[in-house]
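Residue-level structure breakdown
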Amino acid sequence: MKRFLAFIGVFFVVLVIGYLQPVFFPAEKPKQVADSGMRDVSHTALPYEEIATSGFAEYIGKKTDDFINQFGEPIEKQKTGMGYDLWIYGEKDADYFEINVQDEKVAVIKAFNNSKEVIPFSLGMNLSDVSEQMTIFSNFTFTYKENDYSIELMEEDMNYRPLIAFDNKTFAILFFDHSDGRLSAITYLNKESLLTLMPYQMVEGEALPILMTEEQAGFDSVKSNHAIRIINLLRITEGLPTYSANTESQRNAQKLFDALIKNEKTILSSERAEIWQFSKEQATSQAIFTLTNNEYQKLLKAGQLNKKDATGMYTEPVYDATFTILSWFSDSLYHSRFAHDETENIGVAFSNASMLVLLQESESEISQTEESE
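Quick summary incoming for the structure in this document. (Residues numbered from 1 in each chain as written. Predicted model: local features only at pLDDT ≥ 70, side-chain atom pairs only at ≥ 80, totals over all residues. Heavy atoms only, no water.)

Overview of the packing of helix α7 (residues 247–262) against helix α10 (residues 293–302)
Packed helices, taken two at a time, are described by the angle their axes make and the gap between the axes. Going by this rule: Whenever a helix is involved, its axis is fitted only over the stretch in contact; in every case the axis is a line through C-alpha atoms, and angles between N-to-C directions fall within 0 to 180 degrees. By the criteria applied, helices consist of DSSP H or I runs no shorter than four residues and strands consist of E runs no shorter than two, each listed in order from the N terminus. Reported orientations rely on four angle classes, namely roughly parallel under 35 degrees, roughly antiparallel over 145, roughly perpendicular from 65 to 115, and oblique for the rest. Residue contacts are defined here by distance: any two heavy atoms, one from each residue, within 4.5 Å place the two residues in contact. Any residue outside Ala, Val, Leu, Ile, Met, Phe, Trp, Tyr, Cys, Pro, Asp, Glu, Lys and Arg is labelled polar, Gly included; the first ten of those are nonpolar and the last four are charged.
In contact at an axis separation of 9 Å, α7 and α10 are set at 105 degrees when each is read in the N-to-C sense. As judged from the angle between their axes, α7 and α10 are roughly perpendicular. Contacts from L256, A259 and L260 in α7 reach Y296, L299, L300 and A302 in α10. Looking at the contact of α7 with α10, its residues break down into seven nonpolar, no polar and no charged.

Okay, structure coming up:
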């Protein structure tokens with residue numbers, strides 16, 4: 001009997017301790033991280049380092065007179081209506097580069113050529129080649145006009161659009177082609193331009209607004225032709241045939257542009273229409289609106305164009321068409337629309353800060369397809 005009572009006593013004590021331990025010694029709650037919608041980045045977030053300034057990076061922020069003394073007059077100057085002028089250099093594709101001029105100073109240089117001015121980089125190198133020379137960082141923090149900014153590169157950014165910092169406080173974005181991972185172009189830019197174009201996730205601070213300084217009625221043929229040249233330059237680097245532009249393809253692109261405005265309710269869901277309106281109100285690179293592939297197919301139907309042999313893009317706001325196109329070719333989501341190896345026609349409708357690209361199979365390709373069927 002005594003043994004039984006002793007057992008009951010011990011059992012009761014153990015039971016009490018088991019129930020009361022969580023009360024007096026609660027387990028530490030795991031910290032909850034809010035879901036921001038951002039993808040995990042496998043790279044270590046180290047403080048970024050600046051590399052020695054060289055080549056084109058030395059001219060960012062310099063007066064245009066200094067640039068002209070070194071490189072001569074551009075072959076073409078274009079008004080953009082965005083607060084900067086576009087200067088184009090290079091008659092031949094192999095010599096092509098362009099600069100954004102703002103307040104008579106060089107704000108951005110976009111290089112498509114393998115001159116000594118792009119050293120230590122060279123077009124055609126891959127990310128491993130770059131990593132052997134310098135560290136690719138995922139986090140950047142800097143100050144502009146007494147405001148603090150912090151940006152983070154996602155995994156695809158690190159692989160196809162890494163950011164490089166120079167010790168003169170300028171930057172370069174390296175654009176690697178999504179087809180073969182080769183460096184296809186380099187954009188050198190100052191802080192203001194980076195904050196305006198901003199292709200990365202912003203952790204602190206806000207992107208600078210994209211402001212139209214001059215609005216134009218109708219379509220801008222100069223901007224359209226320029227966009228076609230840039231797209232064809234990138235097609236050449238991929239070993240693909242260049243697109244052909246003609247009056248009909250341009251007319252069809254403009255027809256689609258108008259069809260989008262007239263048929264918005266049938267092409268976009270109410271939620272997507274709200275996102276488009278929000279994009280117009282925000283007018284920043286962090287709120288860019290782009291038609292999905294399914295929406296673009298609906299647009300083709302609304303514009304009474306054959307969906308079977310056509311595809312393309314529509315996006316806004318476009319601050320810098322060259323930069324936007326480079327972003328498309330370095331993005332897995334959009335690159336496939338430009339990766340066809342068939343002979344195709346291209347049409348571009350450009351109106352203020354909106355750009356529509358239409359790609360259509362040429363008549364010869366269509367007839368060959370029909371004959372094979």
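Back to the text.
Overview of the pattern of salt bridges
Rules: The salt bridge criterion pairs a side-chain nitrogen of Lys or Arg with a carboxyl oxygen of Asp or Glu, the two atoms within 4 Å. Only protein chains enter the calculation, and the probe is 1.4 Å; a residue is then buried if its accessible area is under 20% of its type maximum, exposed if over 50%, and partly exposed in between.
In total, this model carries 11 salt bridges according to the counting rule given. Note that E156 is salt-bridged to R161, the shortest N-O span being 3.5 Å. This pair shows no difference in class: E156 is buried, exactly as R161 is. What emerges from the salt-bridge pattern is a single network uniting E98, K110 and D320.

A look at the packing of aromatic side chains
Put simply, the rule is: Two aromatic rings, drawn from Phe, Tyr or Trp (for Trp, its six-membered ring), form a pair once their centres lie within 6.5 Å of each other, and the interplanar angle then sorts them: stacked below 30 degrees, edge-to-face above 60, tilted otherwise. In this scheme, the term charge over a ring applies when either NZ of a lysine or CZ of an arginine sits within 6 Å of the ring centre and within 35 degrees of the ring normal.
Enumeration over the complete set of coordinates arrives at 24 aromatic pairs. Taking 6.2 Å as the distance between ring centres and 70 degrees as the angle between the ring planes, the aromatic pair formed by F67 and F97 counts as edge-to-face. Residue F67 is found in helix α2 (residues 64–71), and its partner F97 is found in strand β3 (residues 97–102); the two are separated by 30 residues along the sequence. The same class applies to F67 as to F97, namely buried. Three or more aromatic residues joined by ring pairs form one cluster here, namely F56, Y59, F67, F71, Y89, F97, F166 and Y188. When the ring centre of W87 is taken as reference, the NZ or CZ atom of K77 above it lies at 4.4 Å.

A word on the nonpolar core
For clarity, the threshold we go by: Working definition of a nonpolar core: buried Ala, Val, Leu, Ile, Met, Phe, Trp, Tyr and Cys residues. They are joined through side-chain atoms within 4.5 Å.
Ranked by size, the top nonpolar core spans 88 residues in total, and within it I109, F121, Y188 and V357 carry the most contacts. Excluding its chain neighbours within four sequence positions, the residues that come into contact with I109 are F56, Y59, I60, F67, F97, E98, I99, I186, T187 and Y188. A259, I267, A310 and L356 belong to the second-largest nonpolar core, a separate cluster that totals 19 residues.

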